[in-house]
Amino acid sequence: AWRVPHMKDTVIRASYGIFYAQDQGNGVTSRMTNNPPFFGYGGISVTSDQLDPATGYILSSGAVPKRPTPISPAQFVLNPKATSALVSWFPSYTTPYEQEWNFTIEKQLPGNMVWETSYVGNHTVDLWGQTEGNQPLLPGPGTVNSRRPLIAITDAPIKNFSPWDRSSYEGLSTRLEKRFSQGLSFLASFTWGRGIDMQNPALDAQDGNGGGDTIQNVYNRDVQIGPSDNNIPFRFALGGTWDLPFGPGKQLVGNGWASHVLGSWEVSAIYQVQSGLPYTVGLNIDNANVGTASYPNRVCAGTLPNPTLGEWFNTNCFVQPPSYVYGNEGRNILMGPAMDNLDFALHRIFTIPKWESGRVEFRAEGYNVFNHPQFGVPNHTLGTPAFGIISGTAVANRIVQLALRLTF
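Structural notes, computed from the coordinates. Just so it is clear, the model here is predicted, and its values are computed rather than measured.

### Details of the state of the cysteines
- Evaluated as defined, the whole model comprises one disulfide.
- Here Cys300 engages in a disulfide with Cys317; their sulfurs sit 1.8 Å apart. Disulfide Cys300-Cys317: torsion about the S-S bond near -100°, hence left-handed. One end of the pair, Cys300, is in the loop between strand E13 (297-298) and strand E14 (318-319); the other, Cys317, is in the loop between E13 and E14, with 17 residues separating them in the sequence.
- Among the residues examined, Cys300 registers a relative accessible area of 33% and is labelled partly exposed.
- The class of Cys317 is buried, set by a relative accessible area of 2%.

Set out below in C-alpha cells:
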C-alpha cells in the first residue's frame, strides 16, 4: 500500500499470491473404491420404520445379518465384458494452485464516501477434471464398446480424473461506498470481466450436482477452452439503507401526531443488473459414435439482433455434421437472458409504552418487486422440438411478505 504524496486521501494498493487448493471432496461414485471388487459385493437390505434404525434389526427374529465374505483380491478377475463404468485416477496426485494479483486505487471523497477502482486477475493450473478414459480413438461405424482402446481390459466406459483443466480471469471493477451518516448508506459497484476455463470440474466430481461440461473429443481437449459456465461479463449492483427524515427530532414532520405516524421508518433496497450466462449447443444423438457428447457444426454467428422467447438464437446457424464427424462448434459461445432485479424492504420499530424492554418490529419485504421475468437459458439441443425456445424462468416471480416480531 502506498499513500500518494501531497494527496493524503488517495492510496494505491497491489498484491500477488500463490494459493494451493484443497482436496476436491469427490463423491462416492467418483472414488477408486467404487471399482470392483470393493463395490457391489455383500450388500444388505435393511428395512426399518425410517425413524429408528434399530427397528431394522429385530433380535428376537434371529441373528443380525452379516455381510458376506468379500472376494480375495488375489482371486478377483475383472470381466472385460462387464458394463459397469470404472473409475480411473491419474497415478501421481497433483495439487492445483492459483496465482492471484490485483492493483487498486482508493480515494476518499466528501460526504463520508470512498471510491475504489481495481484490476484483478488470476490463473489456475492443474485443476482436476473428468474425461472419458476409454473413448474410441476415432469416430466411425460399429458399436462403441467394440472400438474402445482398452477393450482387452474392459469394454465399459471409464470415468477418468486427471489434473488437465486450467482457468483464468481478468476484470475491472469500480465501487462507490457511502458509510452510514445522516441516515443514509449505500454501496454501488460495477464489474467488467471474463472468466475462461476448459471444464466446470466441480459439477463432474461431486455426487448430486449433475454433470458438468461433457467433452466431445478427449484427445483434443484444448478446443474446450471458452467462457466459464459462471462467466458474467457485466454486472452492476446497488444496495443501500435510508432512515427516512420524518418524525421526532428529524428534518421533516418533527412535531405532532404526524411525526409519530411517519417517523422511525427505514427503507432498504438491492438492485442488480447483469449479463446472461453462457451455454453450448449440443446434439441429441452421438453423431461421432464415440460414446460422448456431440456438438453441431456452426455455420454462422448464431446471435440475433432482437431475440424472442420463441427464438432466442439463430437456430439455422447450427447443423448436424456428417455421420462419424466431430462438430466444429465452440464451448459456451452463446449467452442467455440478462437479469434485471430489484428487492425492496420497509420496516419500523414500535416501542411499547410502559414496557421498557418491549418493542414490535414491522417488516414489509418484496423480492423482484417490479415482477421482471428472469428467463432461463433456451433449449439448446439440436434435434428437439423446443430447440431455441425459452420455456421457463430462472428465479421466482414477485414475492411479497409481511412480518411482525415481538422483542422483550
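There's plenty left to go through after this.
### Quick look at the packing of aromatic side chains
- In this structure the tally under the stated criterion is 11 aromatic pairs.
- Their ring planes at 50° and their centres at 6.0 Å tell us that Tyr279 and Phe313 sit as a pair that is tilted. You can see Tyr279 sitting in strand E11 (residues 278-279) and its partner Phe313 sitting in the loop between E13 and E14, a full 34 residues away along the chain.
- Plain terms: the ring middles of Phe313 and Phe387 are 5.3 Å apart, the flat faces sit at 80° to each other, and that makes the pair edge-to-face. Of this pair, Phe313 sits in the loop between E13 and E14 while Phe387 sits in the loop between strand E18 (381-382) and strand E19 (399-407); the two residues are 74 residues apart in sequence, bridging distant segments of the chain.

### Some thoughts on unusual backbone geometry
- Even without being a glycine, His6 presents a positive backbone phi close to 65°.
- Position of His6 relative to the elements: it lies in the loop between strand E1 (2-3) and strand E2 (10-20).
- Taking the relative accessible area as the measure of exposure, His6 reaches 85% and is therefore exposed.
- For Asn368, which is not a glycine, the phi torsion comes out positive at approximately 55°.
- Looking at the element boundaries, Asn368 is found in the loop between strand E17 (359-367) and E18.

### Describing the side chain of Gln224
- The residue Gln224 is located in the loop between helix H1 (201-205) and strand E8 (226-227) in this model.
- What Gln224 contacts, discounting residues up to four positions off in sequence, is Asp197, Met198, Thr214, Ile215, Gln216, Tyr295 and Arg331.

The rules behind the values
Residues numbered from 1 in each chain as written. Predicted model: local features only at pLDDT ≥ 70, side-chain atom pairs only at ≥ 80, totals over all residues. Heavy atoms only, no water. Disulfide = S-S within 2.5 Å. Helix = DSSP H or I, 4+ residues; strand = E, 2+ residues; numbered from the N terminus. Buried < 20%, exposed > 50% of the residue type's maximum accessible area, 1.4 Å probe, protein only. Phe/Tyr/Trp six-rings, centres within 6.5 Å; stacked < 30°, edge-to-face > 60°. Contact = heavy atoms within 4.5 Å.

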